[in-house]
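Survey of secondary and tertiary structure
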Amino acid sequence: MSLVPPAGSDRLAEGCGDMAEIIELIQKSHEAKKHSYSPYSKFRVGAALLTSDNRVFTGCNVENACYNLGVCAERNAMAKAVSEGYKDFKAIAIASDMKDEFISPCGGCRQFMREFGVKWDVYLTKLDNTYQKMTVEELLPVSFGPANLS
């Protein structure tokens, strides 16, 4: 598996850290995908979340026969981190089996990410490990968050 940054990107190592850290995070998201429970859609998704102190939490999607009770990989990873006391994130990598398009978080996951800030990185990947880097703010512009409730 080779990891390939997107063509023309000039901000590959900003925010998350060095290239090795990014590659490791993407690899862990692909590993997490292997644990997906997706008997209905057959659409496997994995996520790897990097905290501000460099701890990684992984998650996968878990479907349910009552479809709306399924949980996305991104939210699983974030819930695991929060349940262990981590709420400050640097980056998340998301992986699927899509070959032609970058996997992108659903609207619910974007809002869930937003709860923990807008200035952290989101790596959208393809099956061949190429990726596109965005921030939570880019994925969910003009968003509603905790400050709106005070």
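Computed from a predicted model, the values in this text were never measured in an experiment. (Residues numbered from 1 in each chain as written. Predicted model: local features only at pLDDT ≥ 70, side-chain atom pairs only at ≥ 80, totals over all residues. Heavy atoms only, no water.)

1. Section: the UniProt feature "binding site: substrate" (unreviewed entry) in the chain
The criterion, for reference: UniProt positions are given in the numbering used here, feature names are shortened, and annotations may be inferred rather than shown by experiment. Secondary structure elements are defined from DSSP: runs of H or I of at least 4 residues count as helices, runs of E of at least 2 residues count as strands, and each element is numbered from the N terminus. Think of it in three bands: residues with accessible area under 20% of the maximum for their type are buried, residues over 50% are exposed, and the middle band is partly exposed, with areas taken using a 1.4 Å probe on protein chains only. Two residues qualify as a contact provided that any one of their heavy atoms is within 4.5 Å of a heavy atom in the partner residue. In protein, a polar contact requires one atom able to donate a hydrogen and another able to accept it; more generally it is a pair of N or O atoms within 3.5 Å, and residues adjacent in sequence count only if both atoms are side-chain atoms.
Per the UniProt entry, the sites bearing "binding site: substrate" (unreviewed entry) are N61, V62, E63, N64, A65, C66 and Y67 in this numbering. Tracing the sequence through the fold places N64 in the loop between β2 (56–60) and α2 (73–83). Note on N64: relative accessible area 32%, which makes it partly exposed. Filtering out sequence-adjacent residues up to four positions away, N64 remains in contact with Y40, L69 and G70. At a separation of 2.8 Å, a polar atom in the side chain of N64 contacts the main-chain amide nitrogen of C66. Along the chain, the position of C66 falls in the loop between β2 and α2.

2. Re the UniProt feature "binding site: Zn(2+)" (unreviewed entry) in the chain
Residues annotated by UniProt as "binding site: Zn(2+)" (unreviewed entry) correspond here to C72, C106 and C109. Considering the C-alpha atoms alone, the annotated residues occupy 38 residues of sequence yet fold into one spot, their largest mutual distance being 8.5 Å. You can see C72 is positioned in the loop between β2 and α2. With near-sequence residues (within four places) excluded, C72 lies in contact with C60, N61, C106 and C109. Tracing the chain through its elements places C109 in helix α3 (residues 107–114). C109 sits in the buried class, given a relative accessible area of 0%. Every residue in contact with C109, bar those within four places of it in the chain, is listed here: C72, E74, R75 and M78.

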